[in-house]
Amino acid sequence: MTIYLYDNFMTYTVLLRFLTLFICLGLNLTPLRAQDTSETKPKVGTTQTVGDVILIALPVATLGTSFIIGDRQGAWQFTKGIALTGFITYGLKFAVNKQRPDRSNDNSFPSGHTSTVFHSAGFVHRRYGFTYSIPAYVLAGFTAASRIDSKKHDILDVLAGATIGLGSNLLFTTQYQQEHMELTYSNFEGHHLLGFKFKF
């Protein structure tokens, strides 16, 4: 069991390193975008850019981890949860029509960035355990804060988004059953044997 948890942790650590690299590359490539002089667009700060990169990178890393460790059931549960999260989030956006703090449009409530990243973090927590979800929760919290900092959402939008993202996991996500580990017991002529099988 110790071997598996170590391997699982190493896999997650490698994916987090790729995620960090992805974020750094996203920051470095941001200034290369062509400037549109036909209209004045709001300036996008570094915090907002990092939040935008995490929006894509965290769900990809989460789903990728499930496939790498062979957890196809978990990958399917994640997919159903993220679909429900998106459906509820964008349904509310169009139904409520709340104006953003920066007055750019009327899609403020709830925060789609927040619901997506908190769904990913909540999935890791519920499926694989709290220890593995700590980095995901840190990234999700940063993304939520970046939406407030960039004046795209207020605290109510972000809290609603987090609630939707975490709540969808309650419907679809179950705890990971480690089928390749098995505790065995046998009794033969008064001798008791307790064993542990690990399938690679």
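This structure is a prediction, so every number in the text was calculated from the model and none was measured.

This paragraph deals with the overall build of the protein. For the protein, the count of helices and strands is six helices and two strands. Mapped from its N terminus to its C terminus, the protein presents α and β elements in the order α-α-α-α-α-α-β-β. Here the protein, with 200 residues, has 38% of them falling under the buried criterion. Here the protein displays about 12200 Å² of accessible surface, and carbon together with sulfur accounts for 65% of that area.

The next subject is the pattern of salt bridges. Under the defined criterion, the tally for this structure stands at five salt bridges. One salt bridge connects R147 with D52, and the closest N-O pair in it is separated by 3.7 Å. Of the two residues, R147 is situated in helix α5 (residues 130–149) and D52 in helix α2 (residues 46–68); the sequence distance between them amounts to 95 residues. Residue D102 is joined to K152 by a salt bridge in which the shortest nitrogen-to-oxygen separation is 2.9 Å.

End to end, helix α4 (residues 112–128) covers 24 Å across 17 residues, agreeing with the expected 24 Å (1.5 Å per residue, within 8%). Phi turns positive one or two residues past the end of α4, at G129, with a value near 115°.

Before going further, it helps to spend a moment on the nonpolar core. Counting residues in each nonpolar core, the largest one holds 12 residues, listed as V50, I54, L58, V117, F118, A121, A136, L139, A140, A144, V158 and A162. The set of elements that each furnish at least two residues to this core consists of α2, α4, α5 and α6 (155–172). Of the residues forming this core, the biggest block, four residues, is contributed by α5. Residues F123, Y128, Y132 and Y176 belong to the second largest nonpolar core, which totals seven residues.

We now examine the side chain of T114. Assignment of secondary structure puts T114 in helix α4. Once residues within four sequence positions are removed from consideration, T114 is found in contact with A144, R147, V158, G161 and A162.

Between helix α3 (residues 72–96) and α4, the least distance of the axes is 10 Å, while the angle of their chain directions is 155°. The angle between α3 and α4 falls in the class roughly antiparallel. Relative to α4, α3 is oriented so that their crossing is right-handed. Listed contacts from α4 to Q73, G74, Q77, F78, G81, I82, T85, T89 and K93 of α3 are G112, S115, T116, H119, S120, F123 and R127. Residues belonging to the contact of α3 with α4 are distributed by class as follows: three nonpolar, 11 polar and two charged.

With that out of the way, let us pick up the packing of α4 against α5. In the contact formed by α4 and α5, the axes pass within 8 Å of each other and the chain directions differ by 170°. It follows that α4 is roughly antiparallel to α5 by the angle criterion. Note on element contacts: α5 touches α4 through F130, Y132, S133, A136, Y137, A140, G141, T143, A144 and R147, opposite H113, T114, V117, F118, A121, G122, V124, H125 and Y128. Of the residues in the contact of α4 with α5, the class split is 11 nonpolar, seven polar and one charged.

So, how was this worked out
- Residues numbered from 1 in each chain as written.
- Predicted model: local features only at pLDDT ≥ 70, side-chain atom pairs only at ≥ 80, totals over all residues.
- Heavy atoms only, no water.
- Helix = DSSP H or I, 4+ residues; strand = E, 2+ residues; numbered from the N terminus.
- Buried < 20%, exposed > 50% of the residue type's maximum accessible area, 1.4 Å probe, protein only.
- Areas by Shrake-Rupley, 256 points an atom, 1.4 Å probe, with all protein chains shown as cover.
- Salt bridge = Lys/Arg side-chain N within 4 Å of Asp/Glu carboxyl O.
- Expected span 1.5 Å × (residues − 1).
- Core = buried A, V, L, I, M, F, W, Y, C linked by side-chain atoms within 4.5 Å.
- Contact = heavy atoms within 4.5 Å.
- Axes fitted to C-alpha atoms, helices over the stretch in contact; angles between N-to-C directions.
- Parallel < 35°, antiparallel > 145°, perpendicular 65-115°, else oblique.
- Left-handed = near helix turned anticlockwise from the far one by under 90°.
- Nonpolar A, V, L, I, M, F, W, Y, C, P; charged D, E, K, R; others polar.

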